[in-house]
Amino acid sequence: MKKSHPIRRAVLAGAATVSGIVLLLSLKPASDPASASAQGAAAPQQSAAAQESPQGGSAQQSSSGARTVTGDVARTQYGPVQVRVTVSGGKVTKSEVVQIPTGGRSTEVSNSSVPRLNQEAVAAGSADIDAVSGATYTSAGYKKSLQSALDKAKAQGGGASGSAGSTGAAGSSGSAGSSGSSAAPQAPAAQARTVTGSVAQTQYGAVQVRVTVSGGKITKAEAVQAPKGGLSDQKTAMAVPKLNQEAVAAGSADIDAVSGATYTSTGYKQSLQSALDKAGG
């Protein structure tokens, strides 16, 4: 009996040692490499995702120079009018209609008035433009929506004044001369004159032309009066925009008559020459 106790103790001690080693071996791998590698893999993924979004957003904002803004819908007696403008560098570079009255007579009025309103909006750089004769309601709606678009562009373009200031600061050393030269072109703008020619009577109605002259050049020409009613509406809508463009391009009344609108062209040239004579005086 006494001899069996040391053997039993040795067996128990050995079993305890073996079980302790097994426990240690089973616990170490679970706590070390797997969790560490999982955490290490998750961290770079989050940092990469965090870096991508701000870079994409800033690139879009900095690369967008021009802004396109759509004005509110202006309700008129003949239908809605909505204008969209593109503004770059604080200037209107493009103006177009998104909605316009259509159907029957409204289509003719829109086709004849909208191109002129678009040109005037770009030339004036504001909603202070003249209504097109025979399209009073469309013109009023156009101007209202245009003003809305310009207000939105101004509100969104707080950076416009900031960018002007930054160019002045950045150019203080190298482009101080350029800022001085940029002030020079503004002087002729102040000297621009708008002159209305005498009314020229034609077989189909009165024609009267108004021109804007700046620096000795015609910068804008438009018809204040033109024959209208029946077939005259179609001829006027076809001829007047062409005559306006020719007057600006030629810088004089020496322009070609539009085929199919001989009387209107002749009256236009007479009134245009009268306006130029007044501007020259």
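Since we're looking at a predicted model, the values are computed, not measured.

Caption draft 1: The overall build of the protein chain, seen in detail. Looking only at helices and strands, the protein chain has eight helices and eight strands in total. Put simply, the protein chain has 281 residues, and 29% of those count as buried. By element, 56% of the accessible surface of the protein chain is carried by carbon and sulfur atoms, the whole surface being about 16900 Å².

Caption draft 2: Highlighting the nonpolar core. In this structure, V211, A221, L243, Y268 and L272 are the most contacted members of the largest nonpolar core, which totals 19 residues. Every element with two or more residues in this core is listed here: β7 (205-214), β8 (217-225), α7 (231-250) and α8 (262-280). At five residues, α8 tops the list of elements feeding residues into this core. For V211, the residues in contact, after removing those within four places along its chain, are R193, T194, V195, I218, K220, A221, L272, A275 and L276. One finds V83, V87, A149 and L150 within the second-largest nonpolar core, a separate group that totals 18 residues.

Caption draft 3: Looking closely at helix α4 (residues 136-156). For α4, with 21 residues, the first-to-last C-alpha span of 30 Å sits near the 30 Å given by 1.5 Å per residue. Those residues of α4 that sit buried are T138, S139, G141, Y142, S145, L146, S148, A149, L150 and A153. Residues of α4 that are buried in the fold lie against β1 (67-70), β2 (74-76), β3 (79-88), β4 (91-99) and α3 (105-124).

Caption draft 4: Region of interest: the confidence of the model for the protein chain. Looking at the protein chain, pLDDT values average 75 and 71% of them are 70 or higher. Mean pLDDT across the secondary structure elements of the protein chain bottoms out at helix α5 (residues 158-170), with 36, and peaks at strand β6 (residues 200-202), with 93. Segment residues 29-63 is flagged for pLDDT under 50; beyond a separation of four residues in sequence, or across chains, it makes one contact in the model.

Caption draft 5: Structural context of the side chain of T212. Looking at where T212 falls in the secondary structure, it is placed in strand β7. Taking the relative accessible area as the measure of exposure, T212 reaches 15% and is therefore buried. Leaving out residues up to four positions away in the same chain, T212 has contacts with A192, R193, T194, K217, I218, T219 and K220.

Conventions adopted
Residues numbered from 1 in each chain as written. Predicted model: local features only at pLDDT ≥ 70, side-chain atom pairs only at ≥ 80, totals over all residues. Heavy atoms only, no water. Helix = DSSP H or I, 4+ residues; strand = E, 2+ residues; numbered from the N terminus. Buried < 20%, exposed > 50% of the residue type's maximum accessible area, 1.4 Å probe, protein only. Areas by Shrake-Rupley, 256 points an atom, 1.4 Å probe, with all protein chains shown as cover. Core = buried A, V, L, I, M, F, W, Y, C linked by side-chain atoms within 4.5 Å. Contact = heavy atoms within 4.5 Å. Expected span 1.5 Å × (residues − 1). pLDDT = per-residue confidence, 0-100.

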